[in-house]
Amino acid sequence: MPYPTSTLKNLKQSLKNREDFLSFDFLGRSLAYNPYMPRAEIFDFKREQDIAGKILFIESFDYEDIAGILDFGSDMIAIDFTSIYEKNIPSVDAFDCLTHLRRYTQALIIHNDIFLNQYQLLESAIYGSDCVVLDAGILGKELDMMCDFALRLSLVPIVKVASIEELKRAIFAKVDIFYIIDDFSNLLSALPNSKIVLRDLPIGIQSIDKKISYGVDKFLIKKDNWFD
């Protein structure tokens, strides 16, 4: 497993607390009144020119930090929640920053998390996400079901892969957008040309050109390494 046992334990307890607070059925009914329905389409991720696009990649934040995030002017922002389970059990309002961001920007919002079940996807849609990053290594045989449920909620599923086995599993799940996090060249060569590819911007790269863009539609760039 790519995450420590303690992290997964905190995640599962957090999930139980959230489901005790708001049941799946209640959450589902509230979706009808949700003012922030998902807006993304798969073609939004396809690059239009020879140079790959950019996605701002940030960790969860406090409300006071939102102005600084908006100053970067990105049209896509990925918010990573995977680290919030490392030390503690997050509170039920841990995802409020998704809604804050949705309220103040037109940028598409990508929710990166350790997704285990459909409840989390429903939460993500209600909080204001447009896309979710699903980990093929974590979900295993559940990947197909989770992708289907995301699409039913109008969320665009982005699947994280790190091996040929995970890549094949995602292809069989009819995934369109792949986030390749390891063994990039080998996995890219095994991927059909029609698929959309995301990857982290390699360390030390200060600008994106045609050469570095080969095979990539969009780079995820951490806030500290962001450039114009």
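Check the entry above for the structure.
Here the structure is a predicted model, which means the values were calculated and not measured. (Residues numbered from 1 in each chain as written. Predicted model: local features only at pLDDT ≥ 70, side-chain atom pairs only at ≥ 80, totals over all residues. Heavy atoms only, no water.)

**Student:** Looking at this structure, I do not really get the pattern of salt bridges. What am I missing?
**Tutor:** Two side chains bearing opposite charge may form a pair once their charged atoms approach each other closely. Per the counting criterion, the structure on display carries six salt bridges. We note a salt bridge from lysine 16 to aspartate 20, for which the minimum N-O separation is 3.0 Å. Note that lysine 16 and aspartate 20 are positioned in helix H1 (residues 5-21) at a spacing of four residues, about one turn of the helix. For aspartate 20, a relative accessible area of 54% gives the class exposed. (Salt bridge = Lys/Arg side-chain N within 4 Å of Asp/Glu carboxyl O. Helix = DSSP H or I, 4+ residues; strand = E, 2+ residues; numbered from the N terminus. Buried < 20%, exposed > 50% of the residue type's maximum accessible area, 1.4 Å probe, protein only.)

**Student:** Hey, could you run me through the sheet that holds strand E1 (residues 53-59) in this one?
**Tutor:** Working definition: the strands of a sheet are paired by backbone hydrogen bonds and lie parallel or antiparallel to each other. The eight strands are arranged E1-E2-E3-E4-E5-E6-E7-E8 in a closed barrel whose pairing can be described as parallel. Neighbouring strand axes in the sheet, compared pairwise and without regard to direction, differ in orientation by 25° on average. On top of the sheet, helix H8 (residues 164-172) reaches strand E5 (156-161) and strand E6 (177-180); it is set at about 160° to E5, its chief contact. (Pairing = 2+ DSSP bridges. Axes fitted to C-alpha atoms, helices over the stretch in contact; angles between N-to-C directions. Contact = heavy atoms within 4.5 Å.)

**Student:** Would you explain the packing of helix H5 (residues 118-127) against helix H7 (residues 143-152) in this entry?
**Tutor:** Helix packing for two helices is described by the angle between their axes and how far apart those axes are. Running from amino to carboxyl end, H5 crosses H7 at an angle of 25°, the nearest separation of the two axes being 10 Å. Here H5 is positioned roughly parallel relative to H7, judged by the angle of their axes. For the pair H5 and H7, the crossing hand works out as right-handed. Facing H5, whose interface residues are Gln118, Leu121 and Leu122, H7 presents Met145, Met146, Phe149 and Ala150. (Parallel < 35°, antiparallel > 145°, perpendicular 65-115°, else oblique. Left-handed = near helix turned anticlockwise from the far one by under 90°.)

**Student:** For this particular structure, what's the right way to read the state of the cysteines?
**Tutor:** Linking two cysteines covalently via their sulfur atoms produces the bond known as a disulfide. Scanning all chains against the criterion turns up zero disulfides. In this structure cysteine 131 is a free cysteine whose sulfur lies 13 Å from that of cysteine 147, the closest cysteine sulfur available. (Disulfide = S-S within 2.5 Å.)

**Student:** What is the right way to look at H5 in this model?
**Tutor:** Residues lying three or four places apart along an α-helix face the same way, a consequence of the helix completing one turn every 3.6 residues. Among the 10 residues of H5, nine are classified as buried, and the element is accordingly described as predominantly covered. Turning to H5, its buried residues are Tyr119, Gln120, Leu121, Leu122, Glu123, Ser124, Ala125, Ile126 and Tyr127. Elements in contact with the buried residues of H5: H1, helix H2 (24-30), helix H4 (96-104), strand E3 (108-112), strand E4 (131-135) and H7. If you check the start of H5, you find a side-chain oxygen 3.2 Å away from the backbone N of tyrosine 119, and it comes from asparagine 117. Two residues or fewer after H5 comes glycine 128, characterised by a positive phi angle close to 120°. (Polar contact = N/O pair within 3.5 Å; in protein donor to acceptor, adjacent residues only side chain to side chain.)

**Student:** Would you take a moment to explain the pairing of strand E8 (residues 218-222) for this structure?
**Tutor:** The side chains of a regular strand alternate between both faces of the sheet. In terms of burial, E8 is a largely internal element, four of the five residues being buried. Relative to E8, E1 is paired through five bridges, and the arrangement is parallel. Within the sheet, the bridge partner assigned to glycine 53 lies in E8 and is lysine 218. Pairing geometry for strand E7 (residues 196-200) and E8, over three bridges, is parallel. Across the sheet, arginine 199 pairs through a bridge with phenylalanine 219, a residue of E8.

**Student:** Hey, could you run me through the packing of aromatic side chains in this one?
**Tutor:** Counted according to the given criterion, the structure contains three aromatic pairs. Note on phenylalanine 24 and phenylalanine 149: the rings are 6.3 Å apart at their centroids and 35° apart in plane angle, and the pair reads as tilted. Residue phenylalanine 24 is found in helix H2, and its partner phenylalanine 149 is found in helix H7; the two are separated by 125 residues along the sequence. Plain terms: the ring middles of phenylalanine 95 and tyrosine 127 are 6.0 Å apart, the flat faces sit at 55° to each other, and that makes the pair tilted. Taken together, the residues phenylalanine 95 in the loop between strand E2 (76-80) and H4 and tyrosine 127 in helix H5 connect sequence positions 32 residues apart. Of the two residues examined, phenylalanine 95 and tyrosine 127, each falls in the buried class. In this structure an aromatic cluster arises from ring pairing among Phe81, Phe95 and Tyr127. (Phe/Tyr/Trp six-rings, centres within 6.5 Å; stacked < 30°, edge-to-face > 60°.)

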